[in-house]
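Here is what each chain is made of, one letter per residue.
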Amino acid sequence: MNKEPLGVLILHGFTASLDCVRGVASALEPLGLPTRIPVLRGHGAKSPEALRAVTWQDWVADGEAAFRDLLTEVEHVIVFGHSMGGLVALTLAADYGDLIDSLVVAAAAVQLTSPLAPGRPFYVLAPLVGRLLDRIDVPPVYAVPALALQDTNYAWAPSDAILSLLAFSKRTRQRLSEVGVPTLILQSRKDSTVAPESAEIIYQGIATPPEKKRIIWFEKTEHEMFLDCEREAASAAVASWVEERSSQAKS
C-alpha cells in the first residue's frame, strides 16, 4: 500500500496516564495524520505496583514497538514525548534518525530537580535510598492547585522504577550528540520536577543545526503542561510544529 509521508508518535511521562497527553492528541486530530499513543510498560494499571521491576529499557522497547507499527503506514515519524517520554523520543532519534522527521520534547527529563538525580548533590545516595524505601510518593503539582483534583497519574512509584528513571536520564544525556533531527523543545520556567535548564542542555547537546531547533518557554505552568494553566498554548505549539512539518513533507 502507499504510505503517508508523516505520522505522529505520542509518548507519555513517568507515572502518567494518557490523560496527560490527550490534549496534544486532540490538537493534532484535525491534521488527520496516522498516530500512535502507546501505554508504556507499568502504566495504565489500577496500582503503581505495576511499575515494580519495570526498567527504562522496557519503556524504550514499548516506544520502539509503536514506532515500528506506525512505520507500516508512514514514511517518517514525528516523535512527541513529555517528561520521561521525551527521553524515549530522544533515544529513538539517536537510534533511528533516518526514519524520524523531527522531535517535539516537552519537559524532557534530562535534568531532574530531585537532589537524588544525576548531576545533583546526593545522586551517590540514590541506590541507598532505593534500598531503604520500598516506594516514593510523587504527588501531583500544578500551578493551579484545583486542577490537581482531576489528576489521574499514579500518586507514588516503586523505588526501583524511580532508580531506573534516574539511570535513563543520565544515559539519555550522554547520547544527545547522536540526535541530529529537527527539534522543538518546550519547557516551563516554573517546572519543579524537571529543571528548566534541561531545555538548554538539550538544545546545546543535540547535533541538530541551529536553524532546525528551537525552544519555546512557558512562564506559568508546572510540569504537567498539557493539563495545567497553559495547556491550550502548549498543545497549540505542538500542533503548529506538526502542521509545519507536514506542509514541508507534502511540498
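Look above for the structure.
Owing to the predicted nature of the structure, the values given are computational and were not obtained by experimental measurement.

Caption draft 1: Region of interest: unusual backbone geometry. Here Thr15, not a glycine, exhibits a phi torsion of approximately 65 degrees, which is positive. Along the polypeptide, Thr15 turns up in the loop between strand 1 (4-11) and helix 1 (19-28). The phi torsion at Ala53 lies on the positive side, around 70 degrees, for a residue other than glycine. Looking at the element boundaries, Ala53 is found in the loop between strand 2 (35-36) and helix 2 (56-70).

Caption draft 2: Structural context of the pairing of strand 8 (residues 213-218). Bridging between strand 7 (residues 183-188) and strand 8 involves 6 bridges; their strand directions are parallel. Directly across from Leu184, in strand 8, lies its bridge partner Arg214. Tracing the backbone out of strand 7, into helix 6 (residues 197-205) and back to the parallel element strand 8 gives a crossover that is right-handed.

Caption draft 3: Inspection of the layout of surface pockets at higher detail. Reported here for the largest pocket is a volume of approximately 700 Å³. Phe14, Leu112, Asp137, Val138 and Thr193 are the residues nearest the centre of the largest pocket, which is lined by 33 residues in total. Counting residues per element, the ones that place at least two in the lining of the largest pocket are helix 4 (126-132), strand 5 (135-137) and helix 5 (159-174). By residue number, the principal contributor to the lining of the largest pocket is helix 5, which donates 5 residues. Looking at the lining of the largest pocket residue by residue, the class counts come to 17 nonpolar, 12 polar and 4 charged. For the second largest pocket, the calculated volume is near 180 Å³. Asp19, Arg22, Tyr142, Leu147, Gln150, Asp151, Thr152, Leu227 and Arg231 together form the lining of the second largest pocket. Here the lining of the second largest pocket is built from residues that sort into 3 nonpolar, 2 polar and 4 charged.

Caption draft 4: Main features of the nonpolar core. One finds Leu9, Phe14, Trp59, Val79, Leu90, Leu92 and Leu103 to be the most contacted residues of the largest nonpolar core, which totals 50 residues. The set of elements that each furnish at least two residues to this core consists of strand 1, helix 2, strand 3 (74-82), helix 3 (84-95), strand 4 (100-106), helix 5 and helix 6. Examining the composition of this core, we find that 8 residues originate from one element, helix 3, more than from any other. The contact partners of Phe14, leaving out residues within four places of it in the chain, are His43, Leu51, Trp59, Met84, Ala157, Ala161, Ile162 and Leu165.

Caption draft 5: How the structure looks around the pattern of salt bridges. On inspection of all chains with the given rule, the structure shows 15 salt bridges. Among the salt bridges present, the one from Asp19 reaches Arg22, with a minimum N-O distance of 2.8 Å. Residue Asp19 and its partner Arg22 are both found in helix 1; the two are separated by 3 residues, about one turn of the helix. Taking the shortest distance from any N to any O, the salt bridge between Arg41 and Asp58 comes out at 3.2 Å. Here the residue Arg41 occupies a position in the loop between strand 2 and helix 2, and Asp58 occupies one in helix 2, the gap between them amounting to 17 residues. Several salt bridges converge on common partners, so that one network encompasses Arg36, Asp69 and Glu73.

Caption draft 6: Just the sheet that holds strand 7, in detail. Taken in spatial order, the 6 strands line up as 2-1-3-4-7-8 in an open sheet, and their pairing is parallel. The two strands at the open ends of the sheet, each matched to only one other strand, are strand 2 and strand 8. Relative to strand 2, strand 1 runs parallel, the two being bridged by 2 bridges. Residue pairing for strand 2: Leu9 is matched across the bridge by Arg36. Relative to the sheet, helix 1 contacts strand 1 and strand 3, its axis offset from that of strand 1 by approximately 160 degrees.

The rules behind the values
Residues numbered from 1 in each chain as written. Predicted model: local features only at pLDDT ≥ 70, side-chain atom pairs only at ≥ 80, totals over all residues. Heavy atoms only, no water. Helix = DSSP H or I, 4+ residues; strand = E, 2+ residues; numbered from the N terminus. Pairing = 2+ DSSP bridges. Right-handed = clockwise from strand over helix to strand, strands pointing away. 1 Å grid on protein atoms, 1.4 Å probe; cavity = no way out; pocket = protein on both sides within 12 Å on 5 of 7 lines; lining within 4 Å. Points joined across faces, edges and corners; volume = space filled by probe spheres on them. Nonpolar A, V, L, I, M, F, W, Y, C, P; charged D, E, K, R; others polar. Core = buried A, V, L, I, M, F, W, Y, C linked by side-chain atoms within 4.5 Å. Buried < 20%, exposed > 50% of the residue type's maximum accessible area, 1.4 Å probe, protein only. Contact = heavy atoms within 4.5 Å. Salt bridge = Lys/Arg side-chain N within 4 Å of Asp/Glu carboxyl O. Axes fitted to C-alpha atoms, helices over the stretch in contact; angles between N-to-C directions.

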